[in-house]
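Here are the chains, one letter per residue:
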Amino acid sequence: LLVNLPENASFSLSDFVNMQQSHIRTRSSLLQGKNIEIKHAVDDLVQKLTSYRLEGSVDSVPEKDISKLHKHYNHFMYQSLLHSAKNSMNSLKKRIGSRSGTGILNASRPFFEVDVQLMPPHVSLSPSLDDIQECINQSAQAILSCYKTVVDWDYSETTEHQRPKRTFFERITKDIELVRVALLLTGCIQGVRNTVIEYLDTFSKVCMYE
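Residues numbered from 1 in each chain as written. Predicted model: local features only at pLDDT ≥ 70, side-chain atom pairs only at ≥ 80, totals over all residues. Heavy atoms only, no water.

A. Inspection of the environment of methionine 77 at higher detail. Positionally, methionine 77 belongs in helix 2 (residues 63–96). Taking the C-alpha atoms as reference, methionine 77 lies 9.7 Å from tryptophan 153; in sequence the two are 76 residues apart. Once you skip the residues sitting within four places of it in the chain, methionine 77 turns out to touch Leu31, Asn35, Ile38, Trp153 and Phe168. (Helix = DSSP H or I, 4+ residues; strand = E, 2+ residues; numbered from the N terminus. Contact = heavy atoms within 4.5 Å.)

Spelled out as structure tokens, the structure:
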């Protein structure tokens, strides 16, 4: 996972965002390192294939087949990165609030530190639900920005020196399924908004009676 999600810890919003950004930077460096290792391994394989001396009239490996080999392993690298993004976002969404009702208010160990502020006749949360959602949005953005540092080594007709360097970020963020997961994550607090309002109403009623 690209995110750090302790099971038995609660965080302030700023601490959570800082922790995720730091953890994701570390994971990003790891991904780029593995990415380079795989690229070099594929290059070594191609070098072995093209340098092998064939007997008789057997043709050498066609350039188009070499290109297919590169694209084959590049596609697997892309799929691995895509799964890492989806799994990280889904895990973050699950940790924040599951369908079983263990959300930010009634979990055995709440994910975020939230206080109820009583200023009769007003009752509010600190931080607010909007602040919590913004914290989650920043974490989602940090997950996606991780791929801006992972260089895409897809091969084309141009030479390596002519090819502008690009990263996997553009390809990954165009995936429709990932966009759906990101939208669900960046709107996950909406699912508990009514529950929170009902919870705060109980304090409002107490204040009225007093």
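B. The arrangement of helix 3 (residues 129–145) in detail. Between its first and last C-alpha atoms helix 3 spans 24 Å; for 17 residues at 1.5 Å apiece the expected length is 24 Å, and the two agree. Taken together, the buried positions of helix 3 are Leu129, Ile132, Gln133, Cys135, Ile136, Asn137, Ser139, Ala140, Ala142 and Ile143. (Expected span 1.5 Å × (residues − 1). Buried < 20%, exposed > 50% of the residue type's maximum accessible area, 1.4 Å probe, protein only.)

C. Spotlight on the pairing of strand 1 (residues 115–119). In this structure, strand 1 lies alongside strand 2 (residues 122–126), joined through 5 bridges in antiparallel fashion. Counterpart to glutamine 117 in the pairing with strand 2 is serine 124. The antiparallel pairing of strand 1 with strand 2 creates a hairpin that spans 2 residues between the two strands. (Pairing = 2+ DSSP bridges.)

D. Representation of unusual backbone geometry. Of note, the amide linkage connecting serine 126 to proline 127 takes the cis form, showing an omega dihedral of 0 degrees. Turning to its location among the elements, proline 127 is positioned in the loop between strand 2 and helix 3.

E. Representation of the packing of helix 2 against helix 3. With their axes 10 Å apart at the nearest point, helix 2 and helix 3 run at an angle of 165 degrees to one another. Viewed along their axes, helix 2 and helix 3 adopt a mutual orientation that is roughly antiparallel. Crossing of helix 2 against helix 3: the hand is right-handed. Contacts between helix 2 and helix 3 pair Ala85, Ser88, Met89, Leu92 and Ile96 from the former with Ile136, Ser139, Ala140, Ile143 and Leu144 from the latter. Residue classes in the contact of helix 2 with helix 3 are distributed as 8 nonpolar, 2 polar and no charged. (Axes fitted to C-alpha atoms, helices over the stretch in contact; angles between N-to-C directions. Parallel < 35°, antiparallel > 145°, perpendicular 65-115°, else oblique. Left-handed = near helix turned anticlockwise from the far one by under 90°. Nonpolar A, V, L, I, M, F, W, Y, C, P; charged D, E, K, R; others polar.)

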